[in-house]
Amino acid sequence: MILRLAIASLFARALTVGMTILAIALSVALFLGVEKVRTGAKASFADTISGTDLIVGARSGSVQLLLYSVFRIGNATNNVTWESYQDIAARPEVDWIVPISLGDSHRQFRVMGTTRAFFEHYQYRQGRSLELANGEILDDLFDTVIGADVAETLGYEVGDPIVVAHGLASFTEHRDQPFRVSGILANTGTPVDRTVIVSMEAIEAIHVDWQNGAQAPGRSTPIENIREMDLTPQAVTAALVGVDSPLQIFALQRAINEYPEEPLLAILPGVALQELWSIVGIAETALLAVSAMVVVTALIGMMATIFSSLNERRREMAIFRAMGARPATILGMLVIEAIVMAAIGAMLGVAFLYVGLIIAQPIVDSTFGIWLPINAPTLQEFWVILAVIGAGAIVSLVPAIRAYKMSVSDGMMVKT
Amino acid sequence: MTGHILNLSNIEYRWPGRAPFTLTVPALTVFKGETVLLLGESGSGKSTLLSLICGTIQPDQGILNVAGKNITHLSSGARDRFRAERIGVIFQQFNLLPFGSVMDNILLPLRFAPERRIRAGDAATEAKSLCAALGLPDDIIHAKANALSVGQQQRVAVARALIGQPPLIIADEPTSALDATSQSAFLDLLFSQTRAHETSLLMVSHDRRLGERFDRVIRMEEIAAVEREA
């Protein structure tokens, strides 16, 4: 009966109580939403590359190799010679191998030389393959496939010519050998979106007239001649490797790391991604902490609401006292009231979260490439709800104790 | 039945608030089944006296017997329980929880008084028959308290005070919010009910015209002294 009366009392103050509940609900939705984005970002990050068993490059750090080979951040210290590449490719454990050649750029985007096998084997988000939004995969020597971000930022369409610059942020351009956009990839949310993909041969072709990183003066081989040259690459920057059986991964990794001809490094993408996440994940944790503060703020708002209601409810408390309620009952009623508000707010917050997810999921996926999974409420959400209710009860003790003192001193007489 | 329902002797209480005063009540007795009007102006210590009788405050000295029990040395929790079990309280106005139904309001004291709940038997039926006896329409029982007129609210307050038949009813100016005709009708109903249940009634008022309807009239200044501190 007391609970029913407490709820009836809440209904009687529907507007302020509703606002308080709304504030709690929004803060809980924000908190859970940030948590969802955080785990979604982490999962998307971990899903940047999948299906690849090993990444091979010149010996450096594993995070560095991951950064330049997958995220196109930073540069390789050294290349892997074509001979070493072929040695690895010839090993029996190797199912497939895709070379990557980096070093040139187009505007702010990196150019990556590779083979058609890249489109077959590169996978993200647990086994998704690259898809063309428009056009076709590299056909001609001077064809290029561009990522979704590149196309959008630079406004390119299939058939547009582009000129690749030598090096990064360079003013020297490979003007003699213009490329043509043959295909545009669909958005993936991975660094592929920001990459201009050309063939390995094309990388060789544009460097035909170059020696030691500079264009040889006066030399300009006509494109017709280039097409007839042997364009076998001399080196690759890195290689993506798939093995026949997962059991062979570590044996192959050791073999590559101990390769006698050249210092090489083979890394497991998943392990390196985790290592990298432990560095970049701190910002996400900070965001979570901020949204937790928002929940605390909403609960303090509730405390203020209860506080401000105390004076107008003195009469109500006096009636309860006259009927024989102890001051402790008054205290309990206010705590129950807070628990009811916090519980409704928290559960409404979960509802808001799901509505928000349903609306935002496709937008976030296409804009940021972060996949926010919509699952049934997990144990974690349950604990958050419980924590909010618990914190609400604790916070409400402040006005409840005040009410206790008021009802002791007022008794059943209120001078109005 | 003879004997007293209320017996105060040598009560002394110092109110500790911002304008401290000391209330002394050498002797006050109300007999079982008796209706007593306590006349007093504001500031005469009426409210403090009622608080003492109801046990929300404790006297510094003296003996306070209510319904055969000295409540002076009971703990505050026990006094709250005692009040719930033995005393029906009617205020001047705003007696009811506005957000509760009439039924909720009438049954409220039983929530804090298990013995009184047992005495009430089928509490919902009891509440309905009390409403009928007090001239309230049948369908009012499920109405929200704040939908009622002031007169109806006061009658619901009487029903709430009477439910479970506590031996003593304390009424603090219950008629002051009513007009003269309603006052008279209200008192008729109140008296018929207290007589029917042999309940003692101690009513506080400043309106001496009501006096003729009571068994006894006591003036506050005859039984109590208030000493204000500078």
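Only a predicted model underlies this, so the values are computations on that prediction, with no experimental measurement involved. (Residues numbered from 1 in each chain as written. Chains lettered and ligands numbered in written order. Predicted model: local features only at pLDDT ≥ 70, side-chain atom pairs only at ≥ 80, totals over all residues. Heavy atoms only, no water.)

## A word on the overall build of chain B
Tallying secondary structure elements over chain B gives eight helices and ten strands in all. With the principal axes as the frame, chain B shows a C-alpha extent of 55 × 40 × 40 Å. Going through the 230 residues of chain B one by one, you find that 55% of them count as buried. Considering only contacts in chain B between residues 6 or more positions apart, those separated by 24 or more positions represent 74%. For chain B, the accessible area works out to roughly 9,800 Å², and carbon and sulfur atoms hold 50% of it. Of the side-chain charges in chain B, 24 are positive and 24 negative, and the distance between the mean point of each set is 4 Å. (Helix = DSSP H or I, 4+ residues; strand = E, 2+ residues; numbered from the N terminus. Buried < 20%, exposed > 50% of the residue type's maximum accessible area, 1.4 Å probe, protein only. Contact = heavy atoms within 4.5 Å. Areas by Shrake-Rupley, 256 points an atom, 1.4 Å probe, with all protein chains shown as cover. Lys, Arg positive; Asp, Glu negative; His and termini not counted. Charge placed at Lys NZ, Arg CZ, Asp CG, Glu CD.)

## Some remarks on the interface of chain B and chain A
It is common to give the size of an interface as the accessible area that goes away when the parts come together. At the interface, 26 residues of chain B touch 23 residues of chain A. Here chain B packs against chain A, burying approximately 2,300 Å² in sum over the two surfaces, 71% of which is carbon and sulfur. The largest contributions to the chain B side of the interface with chain A come from Phe91(B), Phe99(B) and Phe112(B), which together make up 29% of the buried area. Linking chain B with chain A are two salt bridges, by the criterion used here. The residue Asp80(B) makes a salt bridge to Arg321(A) at a minimum N-O spacing of 2.9 Å. The interface formed by chain B and chain A contains four residue pairs in polar contact (both at pLDDT 80 or more). (Buried area = accessible area lost by both parts, 1.4 Å probe. Salt bridge = Lys/Arg side-chain N within 4 Å of Asp/Glu carboxyl O. Polar contact = N/O pair within 3.5 Å; in protein donor to acceptor, adjacent residues only side chain to side chain.)

## Digging into the nonpolar core
Ranked by size, the top nonpolar core spans 126 residues in total, and within it Phe320(A) and Leu49(B) carry the most contacts. Among the elements that make up this core, the one with the highest residue count is helix α12 (residues 327–368) of chain A (15 residues). For Phe320(A), the contacting residues outside a window of four places in its chain are Ile2(A), Leu5(A), Ala325(A), Ile330(A), Met333(A), Leu97(B), Leu108(B) and Phe112(B). Core analysis: the next-biggest nonpolar cluster, separate from the first, contains 39 residues, Ile90(B), Ala127(B), Leu136(B) and Ala145(B) among them. (Core = buried A, V, L, I, M, F, W, Y, C linked by side-chain atoms within 4.5 Å.)

## Overview of the sheet that holds strand β10 (residues 225–228) of chain B
Residue and element names in this part refer to chain B. Spatially, the five strands line up as an open sheet ordered β5-β4-β1-β2-β10, and their pairing is antiparallel. Edge strands, defined here as strands with exactly one partner in the open sheet, are β5 (69–70) and β10. As paired strands, strand β2 (residues 21–31) and β10 are joined by four bridges and run antiparallel to one another. Note on β10: the bridge partner recorded for Phe21 is Arg228. (Pairing = 2+ DSSP bridges.)

## Points about the pattern of salt bridges
Residues and elements named next belong to chain A. The tally for this structure, following the rule as stated, stands at 18 salt bridges over all chains. Among the salt bridges present, the one from Glu337 reaches Arg13, with a minimum N-O distance of 3.1 Å. Pair noted here: Glu337 is in helix α12 and Arg13 is in the loop between α1 (2–12) and α2 (14–46), with a separation of 324 residues, a long-range link. Residue Glu337 is classed as buried on the basis of its relative accessible area of 1%. Connected via shared salt-bridge partners are Arg13, Arg313, Glu316 and Glu337.

## A short note on the pairing of strand β8 (residues 143–146) of chain A
All names here are of chain A. Alternating residues of β8 divide into Asp143 and Val145 and Thr144 and Ile146, and every residue in both groups is buried. Inspection of the sheet shows β8 paired to strand β10 (residues 179–185) by four bridges, in the parallel sense. Looking across to β10, one finds that Ile146 is bridged to Ile184. For β8 and strand β11 (residues 195–199), the ladder comprises two bridges, and the chain directions are antiparallel. Paired with Ile146 across the two strands is Val196, which belongs to β11.

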